[in-house]
Amino acid sequence: QGTWHEAAALSALSEGEPHGIEIGRHHIALYRVGNEFYATSNICTHAEALLSDGMLDGCEIECPLHMGRFDIRTGEALTSPVEIDIQTYPVRVTGDRLEVCLP
Ligand code: FES
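### Things to note about the state of the cysteines
Stage number 1. Here the structure, examined in full by the defined rule, presents zero disulfides.
Stage number 2. Cysteine Cys59 is unpaired, with the sulfur of Cys44 as its nearest cysteine sulfur at 18 Å.

### A look at the environment of Ser52
Stage number 1. By the secondary structure assignment, Ser52 is in the loop between strand S4 (36-41) and strand S5 (55-57).
Stage number 2. The class of Ser52 is buried, set by a relative accessible area of 15%.
Stage number 3. Taking the C-alpha atoms as reference points, Ser52 and Ile21, 31 residues apart in sequence, are found 8.9 Å from one another.
Stage number 4. Residues within four places of Ser52 in sequence aside, it is in contact with Pro18, His19, Gly20 and Asn42.

### Describing the sheet that holds strand S11 (residues 97-102)
Stage number 1. Reading across from one edge, S1-S11-S10 is the order of the three strands in this open sheet, with antiparallel pairing throughout. Where the open sheet ends on each side, the last strands, each with one partner, are strand S1 (3-9) and strand S10 (91-94). Within the sheet, the average angular offset between the axes of one strand and its neighbour, ignoring direction, is 35 degrees.
Stage number 2. In this sheet, S11 lies alongside S1 in antiparallel orientation, the contact comprising six bridges.

### Observations regarding the nonpolar core
Proteins that are soluble and globular tend to have nonpolar side chains buried together.
Stage number 1. By size, the foremost hydrophobic cluster in this structure holds 16 residues, and its most contacted members are Tyr31, Leu51, Ile61, Phe70 and Ile72.
Stage number 2. Sorting elements by how many residues they give to this core places strand S3 (residues 26-33) first, with three residues.
Stage number 3. Counting residues in each nonpolar core, the second largest holds 14 residues, with Ala7, Ala8, Leu10 and Leu30 among its members.

### Looking at the environment of Thr79
Stage number 1. Along the chain, Thr79 falls in strand S8 (residues 77-79).
Stage number 2. According to the relative accessible area criterion, Thr79 is partly exposed, its value standing at 31%.
Stage number 3. Expressed as a C-alpha distance, the spacing of Thr79 and Phe37, which sit 42 residues apart in the sequence, is 22 Å.
Stage number 4. Beyond its immediate chain neighbours, meaning those up to four positions away, Thr79 contacts Met67, Gly68 and Arg69.
Stage number 5. In this structure the side chain of Thr79 is engaged in a polar contact, spanning 2.9 Å, whose partner is the backbone nitrogen of Arg69.

### A short note on the pairing of S10
Stage number 1. In this sheet, S11 lies alongside S10 in antiparallel orientation, the contact comprising four bridges. Within S11, the residue paired with Arg92 across the bridge is Glu99.
Stage number 2. Hairpin connection between S10 and S11: a loop of two residues separates the two successive antiparallel strands, and Gly95 in this loop has a positive phi of roughly 65 degrees.

### Re the pairing of S4
Stage number 1. Judged by how many residues are buried, S4 sits mostly within the fold: five of six residues are covered.
Stage number 2. Pairing analysis gives six bridges linking S3 to S4, with the strands arranged antiparallel. From the neighbouring strand, Ala29 faces S4, where its bridge partner is Thr40.
Stage number 3. The loop that links S3 with its antiparallel partner S4 comprises two residues; one of these, Gly34, has a positive phi angle of about 60 degrees.

Calculation rules
Residues numbered from 1 in each chain as written. Predicted model: local features only at pLDDT ≥ 70, side-chain atom pairs only at ≥ 80, totals over all residues. Heavy atoms only, no water. Disulfide = S-S within 2.5 Å. Helix = DSSP H or I, 4+ residues; strand = E, 2+ residues; numbered from the N terminus. Buried < 20%, exposed > 50% of the residue type's maximum accessible area, 1.4 Å probe, protein only. Contact = heavy atoms within 4.5 Å. Pairing = 2+ DSSP bridges. Axes fitted to C-alpha atoms, helices over the stretch in contact; angles between N-to-C directions. Core = buried A, V, L, I, M, F, W, Y, C linked by side-chain atoms within 4.5 Å. Polar contact = N/O pair within 3.5 Å; in protein donor to acceptor, adjacent residues only side chain to side chain.

Right under this line is the structure:
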């Protein structure tokens, strides 16, 4: 069970441009792929670079520091050097806003 929080205006989320936000102590990266939206932790599990500074390739985010990749849909760590999956969060669209559910 989590709590829904307003995360961003949909107009602030561009295809292929990860968007970093902070809600309380949570650092979150938001992504738009077509008309689908996803949210993950923004902190790479390898050495804490910000994924929102990375490159989004389809549904894969590439970390800007050592080029490890995660699947933004599942959080799965896909390529070396990342080994630990990244946290993902449920999202929903309410009107023209994106909301994210945090634990
Ligand atoms: Fe992300 Fe090293 S900090 S791959």
